[in-house]
Amino acid sequence: ELLGGPPLHTERRGGFATMRDAHRGLRITEPQRRAWAEHMRGAAEDVGLDEGFRRAFMPHVEGGSTFARRVSFPPEERWAR
């Protein structure tokens, strides 16, 4: 959806709110977040996504994983954006 595809995730699984809620309470560490982002980068390379797509895709991975990490902590333990 973020890259222009159909809204299937929102329609079938609840979209952003569902993803946000799925990360609550996980207390994701920065090394865990970084490792996940690197696995996504490697997967994009492994399946042969072209460089232009990867350049557009990775900011979503970085931003989304940073957001997921932040909301994985209780509100009183979150840091400023």
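Residues numbered from 1 in each chain as written. Predicted model: local features only at pLDDT ≥ 70, side-chain atom pairs only at ≥ 80, totals over all residues. Heavy atoms only, no water.

Colleague: Explain the overall build of the protein here, please?
Modeller: Counting secondary structure elements, the protein contains four helices and zero strands. Of the regular secondary structure in the protein, the N- to C-terminal order runs α-α-α-α. Projected onto the principal axes, the alpha-carbon positions of the protein cover approximately 40 × 30 × 20 Å. In the protein, which comprises 81 residues, the share counted as buried stands at 20%. In the protein, the share of contacts with a sequence separation of at least 24, taken over all contacts with a separation of at least 6, comes to 62%. Just so you have it, the protein exposes about 5,800 Å², and 57% of that area is on carbon and sulfur atoms. Both charge centroids of the protein, one from 14 positive and one from 12 negative side chains, sit 5 Å from each other. (Helix = DSSP H or I, 4+ residues; strand = E, 2+ residues; numbered from the N terminus. Buried < 20%, exposed > 50% of the residue type's maximum accessible area, 1.4 Å probe, protein only. Contact = heavy atoms within 4.5 Å. Areas by Shrake-Rupley, 256 points an atom, 1.4 Å probe, with all protein chains shown as cover. Lys, Arg positive; Asp, Glu negative; His and termini not counted. Charge placed at Lys NZ, Arg CZ, Asp CG, Glu CD.)

Colleague: Help me understand the nonpolar core, please; the structure alone is not making it clear to me.
Modeller: Soluble globular proteins tend to pack their nonpolar side chains together in the buried interior. Ranked by size, the top nonpolar core spans five residues in total: Ala37, Ala44, Phe57, Met58 and Val61. Secondary-structure elements contributing two or more residues to this core are helix 3 (30-46) and helix 4 (51-71). The element best represented in this core is helix 4, accounting for three residues. Not counting chain neighbours up to four residues away, the residues in contact with Met58 comprise Ala37 and Arg41. (Core = buried A, V, L, I, M, F, W, Y, C linked by side-chain atoms within 4.5 Å.)

Colleague: Is there a simple way to explain the packing of aromatic side chains in this structure?
Modeller: Between two aromatic rings, the relevant description is the distance of the centres plus the angle of the planes. Tallied over the entire structure, the rule returns three aromatic pairs. Considering the side-chain rings of Phe73 and Trp79, the 5.5 Å spacing of their centres and the 70 degrees angle between planes classify their relative orientation as edge-to-face. Look at Trp79 and you get partly exposed, because its relative accessible area is 32%. (Phe/Tyr/Trp six-rings, centres within 6.5 Å; stacked < 30°, edge-to-face > 60°.)

Colleague: Just checking my understanding: could you explain unusual backbone geometry for this structure?
Modeller: Residue Arg27 is not a glycine yet carries a positive backbone phi of 50 degrees. Secondary-structure assignment places Arg27 in the loop between helix 2 (15-23) and helix 3. Here Arg27 falls in the partly exposed class, since its relative accessible area comes to 39%.

Colleague: Is there a simple way to think about a nonpolar patch on the surface in this case?
Modeller: On the surface, Leu2, Leu3, Val47, Leu49 and Phe53 cluster together into a nonpolar patch covering about 480 Å² of accessible area. Mapped onto the elements, Leu49 comes out in the loop between helix 3 and helix 4. (Patch = residues over 30% accessible without salt bridge, like charges linked within 9 Å, V, L, I, M, F, W, Y side chains within 5 Å. Salt bridge = Lys/Arg side-chain N within 4 Å of Asp/Glu carboxyl O.)

Colleague: What is the right way to read the environment of Arg69 from this model?
Modeller: Tracing the backbone through its elements, the reader meets Arg69 in helix 4. With 40 residues separating them in the primary sequence, Arg69 and Thr29 have C-alpha atoms 6.9 Å apart. Once residues within four sequence positions are removed from consideration, Arg69 is found in contact with Ile28, Thr29, Glu30, Arg33 and Trp79.

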